[in-house]
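Chain residues, written in single-letter form:
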Amino acid sequence: MLPTPLTKDLDFEKVYEPAEDSFLLLDVFEKEKPWLESYKWNSDVPLVVEIGTGSGVVTTFVNQHIIPQGLFLATDLNPHCCNAVLGTHKRNIGKKGNLQVLQCDLTTPLRRNQVDVLIFNPPYVPSETVPEVARDPDSEDWLDIALLGGPTGMDITEKVLDSLYDTLSRNGVAYILFCARNHPERVMENFKAKETQRGNGWEIECVQHRKAGWEVLTVWRFIRR
Ligand SMILES: C[S@@+](CC[C@H](N)C(=O)[O-])C[C@H]1O[C@@H](n2cnc3c(N)ncnc32)[C@H](O)[C@@H]1O
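Criteria and thresholds
- Residues numbered from 1 in each chain as written.
- Predicted model: local features only at pLDDT ≥ 70, side-chain atom pairs only at ≥ 80, totals over all residues.
- Heavy atoms only, no water.
- Near = heavy atom within 4 Å.
- Areas by Shrake-Rupley, 256 points an atom, 1.4 Å probe, with all protein chains shown as cover.
- Nonpolar A, V, L, I, M, F, W, Y, C, P; charged D, E, K, R; others polar.
- Helix = DSSP H or I, 4+ residues; strand = E, 2+ residues; numbered from the N terminus.
- Buried < 20%, exposed > 50% of the residue type's maximum accessible area, 1.4 Å probe, protein only.
- Contact = heavy atoms within 4.5 Å.
- Polar contact = N/O pair within 3.5 Å; in protein donor to acceptor, adjacent residues only side chain to side chain.
- Patch = residues over 30% accessible without salt bridge, like charges linked within 9 Å, V, L, I, M, F, W, Y side chains within 5 Å.
- Salt bridge = Lys/Arg side-chain N within 4 Å of Asp/Glu carboxyl O.
- Lys, Arg positive; Asp, Glu negative; His and termini not counted.
- Charge placed at Lys NZ, Arg CZ, Asp CG, Glu CD.
- Pairing = 2+ DSSP bridges.
- Axes fitted to C-alpha atoms, helices over the stretch in contact; angles between N-to-C directions.
- Core = buried A, V, L, I, M, F, W, Y, C linked by side-chain atoms within 4.5 Å.
- Disulfide = S-S within 2.5 Å.

Caption draft 1: Structural detail: the site of the ligand. In the region of the ligand, 19 residues are neighbours, and Ser-22, Gly-52, Asp-76, Asp-105 and Leu-106 sit closest. A total of 600 Å² of accessible area belongs to the ligand in isolation, and the protein chains cover 98% of it. Each residue belonging to the shell around the ligand can be placed in one class, and the counts come to ten nonpolar, six polar and three charged.

So, in structure tokens, the structure goes:
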């Protein structure tokens, strides 16, 4: 079993603490390692982007153990997470690895069709509304932003799905986490129907399924064709 990156020095009042969902993603990448190692990327240096990196535990794990040759970009709205991922990456990998960090909304500043691997553990918990983006770095809302995803928990994930074809490179791959209350099977049916109308081809598979406390979490792999 591959070791989990250390994150214990972070301020978990401001940064999402790695939890069952984060660890599920680590397990997904450990399982996917042979498949990813033999995957034919468009480039020898695949661009790996994690949206909403939090503590940086997933980006660091994937850079350290799964895609060491990759160029990594970690994004988050929360400035504390942008600092956290730099610290986590340095503490666990040192000067090896290749990481850039961007404080931004999802992947909005990126050029189209550049991302070879996209990773997203979104704010998936159903809630009345999605919290307003906090502008004040001392705000106490950062953990709400990490968790709350609107009435079906899908408000943020839907934005990522809607632009996924334009975000990924040809043959690009995305790993996105859902909870059962997001109704992922229904989401996939709607996604496929919409994308077929747009003429966009996909291979979609549920690559991990686990009961985590009272939540049932799944991770879905999207391959752009
Ligand atoms: C459930 S946490 C996951 C954190 C980390 N990836 C993990 O697995 O432990 C969701 C993260 O997404 C970030 N986030 C929420 N909305 C975002 C947005 N619109 N753009 C970028 N990051 C966002 C939050 O700040 C939080 O760090």
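Caption draft 2: Region of interest: the environment of Glu-203. If you trace the backbone, Glu-203 turns up in strand S6 (residues 202-212). Owing to a relative accessible area of 40%, Glu-203 belongs among the partly exposed residues under this scheme. Considered as a pair, Glu-203 and Asp-76 are 127 residues apart in the sequence and their alpha carbons are 27 Å apart. Residues in contact with Glu-203, not counting those within four places in the same chain, are Arg-221, Phe-222, Ile-223 and Arg-225. A polar side-chain atom of Glu-203 sits 2.8 Å from a polar atom in the side chain of Arg-225.

Caption draft 3: Main features of a negative patch on the surface. On the surface, a cluster of negative charge is made up of Asp-11, Glu-13, Glu-140, Asp-141 and Asp-144. Position of Asp-11 among the secondary structure elements: in the segment before helix H1 (20-37). On the accessibility criterion, Asp-11 (38% relative accessible area) is partly exposed.

Caption draft 4: How the structure looks around the sheet that holds S6. Read across the open sheet, the seven strands follow the order S3-S2-S1-S4-S5-S7-S6; overall the sheet is mixed. Of all strands in the sheet, those with a lone pairing partner are strand S3 (99-103) and S6, marking the two edges. When the angles between neighbouring strand axes are averaged without regard to direction, this sheet yields 15 degrees. The sheet contact formed by strand S1 (residues 47-51) and strand S2 (residues 71-76) spans five bridges and is parallel. Paired with Ile-51 across the two strands is Thr-75, which belongs to S2.

Caption draft 5: View of the environment of Arg-181. Inspection of the secondary structure puts Arg-181 in the loop between strand S5 (168-179) and helix H7 (184-198). Look at Arg-181 and you get partly exposed, because its relative accessible area is 34%. Setting aside its immediate chain neighbours within four residues, Arg-181 contacts Val-125, Pro-126, Thr-152, Trp-214 and Glu-215. There is a polar contact of 2.8 Å between the side chain of Arg-181 and the side chain of Glu-215.

Caption draft 6: Highlighting the nonpolar core. Grouped together as the largest cluster of nonpolar side chains are 31 residues, with contacts concentrated most on Phe-29, Val-58, Val-62, Ile-119, Tyr-175 and Val-219. Those elements that provide at least two residues to this core are H1, helix H2 (57-66), S2, strand S4 (115-120), S5, S6 and strand S7 (215-224). For this core, the element with the most residues is H1, which contributes six residues. Residues contacting Val-62, with those up to four places away along its chain left out, are Phe-29, Ile-67, Pro-68, Phe-72 and Ile-119.

Caption draft 7: Structural view of the state of the cysteines. By the definition in use, this model includes zero disulfides. Lacking any disulfide linkage, Cys-81 is separated from the closest cysteine sulfur, that of Cys-82, by 6.8 Å. The exposure class of Cys-81 is buried, given its relative accessible area of 3%.

Caption draft 8: Examining the environment of Asp-144 more closely. With respect to the helices, strands and loops of the structure, Asp-144 is situated in helix H4 (residues 142-147). As for Asp-144 and Leu-77, which are separated by 67 residues in sequence, their C-alpha atoms are 12 Å apart.

Caption draft 9: Quick look at the side chain of Thr-88. Here Thr-88 shows up in helix H3 (residues 79-93). Residue class for Thr-88 comes out buried when judged on its relative accessible area of 0%. When sequence neighbours within four positions are dropped, the list of residues in contact with Thr-88 reads Pro-5, Leu-6, Thr-7, Leu-10, Ser-55, Gly-56, Val-57 and Thr-60.

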